[in-house]
Amino acid sequence: MAAGDVPAREQLLAVIGIQAEIAKLGLDLGGVMTLVVERCVPLLDADGAAIELAEDGEMVYRAAAGIAAPQLGLRLKRASSLSGACVSAGQPLICADVETDERVDREACRRVGLRSMIVMPLRHRGQTVGVLKLMSRQPGRFTEADAKLLALLSEVVAAAMFFATKYDSDALFHLATHDGLTGLANRALFMDRLRNAIARRGSDGRELMVLMIDMDGLKPINDHYGHRIGDEVLKEFARRLKAGARPSDTVARLGGDEFAVVLAPVDARGDLDGPLQSFRKRLDAPFSFEGRVYDLQASIGGAICPVDGTDPDRLLDVADQRMYAVKRRGRELSARAH
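These notes cover the structure that comes with them. (Residues numbered from 1 in each chain as written. Predicted model: local features only at pLDDT ≥ 70, side-chain atom pairs only at ≥ 80, totals over all residues. Heavy atoms only, no water.)

1. A look at helix α10 (residues 273-283)
Residues that lie three or four places apart on an α-helix share one face, since the helix turns once every 3.6 residues. Listed in full, the buried residues belonging to α10 are L276, F279, R280 and L283. What you see down the axis of α10 is that its buried residues fit within an arc of 100 degrees, all on one side. (Buried < 20%, exposed > 50% of the residue type's maximum accessible area, 1.4 Å probe, protein only. Helix = DSSP H or I, 4+ residues; strand = E, 2+ residues; numbered from the N terminus. Arc of directions from axis to C-beta.)

Structure below.
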């Protein structure tokens, strides 16, 4: 159903619903941004959405959904993009066709797969610090009515930034890029760091490694002892991961019990075993909390750049497949033991 066919009343109710969900998330700015982009796609029958923050002359994809999701962490030059123009103007901008609009970064648009877009400013402490962008594969997709509807959401996101950071731009960046529970990098920052690490690797030829890590057994802990204990276990797991990494590495919580690490640079020479065993030894140890001991275990899979590829999504997919193979073997061994 096209956006114009959706009754205005239904769209307004949808916006109110999104606003209510944003309020529930409180100071979790990363969660707020992810929620907004995911809900905006069906709201306007768009093909993709992103929230970009202005950082050091660039616009960075800090939340993305739909066709924009694979580009999480993408960086655009502020001076040569519609997002940058929106930040400078502080007002909504509509692009009817990227192939004829001189304001856009055409190469980036083609990479994402969009033909038209609408960009809304996100204002914080009197400044436009980022944008909410809706995208379509079709030219001429968005209207001024869409801009008015999105303005209601952009104001709420800006308000979330206002209350979350108390006017502190450093806090704004941290809350937008880190997991609220563990303090680790979130998925957006992880993808940003991974892309940068791959780009840097080309200058020195050294390898980098990506690890995908699942914390096994979180659900039984939550079911038997409650989510408060589960959160403490997650935080301990995160501390152990962080302790096993170097300052040059990036440790992230991607969501739930899923974690990831970028090790860069490494002299692995195509061998994953050393780092995997080191992290597994650190993670697979009992955790004592409030007089009770909890078993912590992890399933880990890895991929090496350039041996397993040089594309971020390819590396994550290889590491993920290897991690699930480890998890399956663990389940099979457990079943045989019982």
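2. Side note on empty space enclosed by the protein
A full pass over the atoms with the stated rule returns one cavity of 30 Å³ or more. Lining the largest cavity are 13 residues, and of these L76, D105, C109, M117 and K133 lie nearest its centre. Of all the secondary-structure elements, those providing two or more residues to the lining of the largest cavity are α3 (82-89) and α4 (106-112). When residues in the lining of the largest cavity are grouped by element, the largest group, three residues, is from α4. For the lining of the largest cavity, a count of residues per class yields nine nonpolar, two polar and two charged. (1 Å grid on protein atoms, 1.4 Å probe; cavity = no way out; pocket = protein on both sides within 12 Å on 5 of 7 lines; lining within 4 Å. Points joined across faces, edges and corners; volume = space filled by probe spheres on them. Nonpolar A, V, L, I, M, F, W, Y, C, P; charged D, E, K, R; others polar.)

3. Here we look at the nonpolar core
By size, the foremost hydrophobic cluster in this structure holds 47 residues, and its most contacted members are Y61, L114, M117, M135, F190, L194 and L208. Element by element, the count of residues in this core is highest for helix α7 (residues 187-204), at seven residues. Ignoring sequence-local partners within four residues, the contact set of M117 consists of L82, L93, I94, C95, V98, V104, C109, K133, L134, M135 and F142. The next biggest cluster of nonpolar side chains, apart from the first, holds 33 residues, and it includes V32, L35, A46 and A65. (Core = buried A, V, L, I, M, F, W, Y, C linked by side-chain atoms within 4.5 Å. Contact = heavy atoms within 4.5 Å.)

4. Points about the side chain of S136
Tracing the sequence through the fold places S136 in strand β6 (residues 127-136). Among the residues examined, S136 registers a relative accessible area of 1% and is labelled buried. When near neighbours in sequence (up to four residues on either side) are disregarded, S136 contacts D47, L114, R115, S116, R141 and F142.

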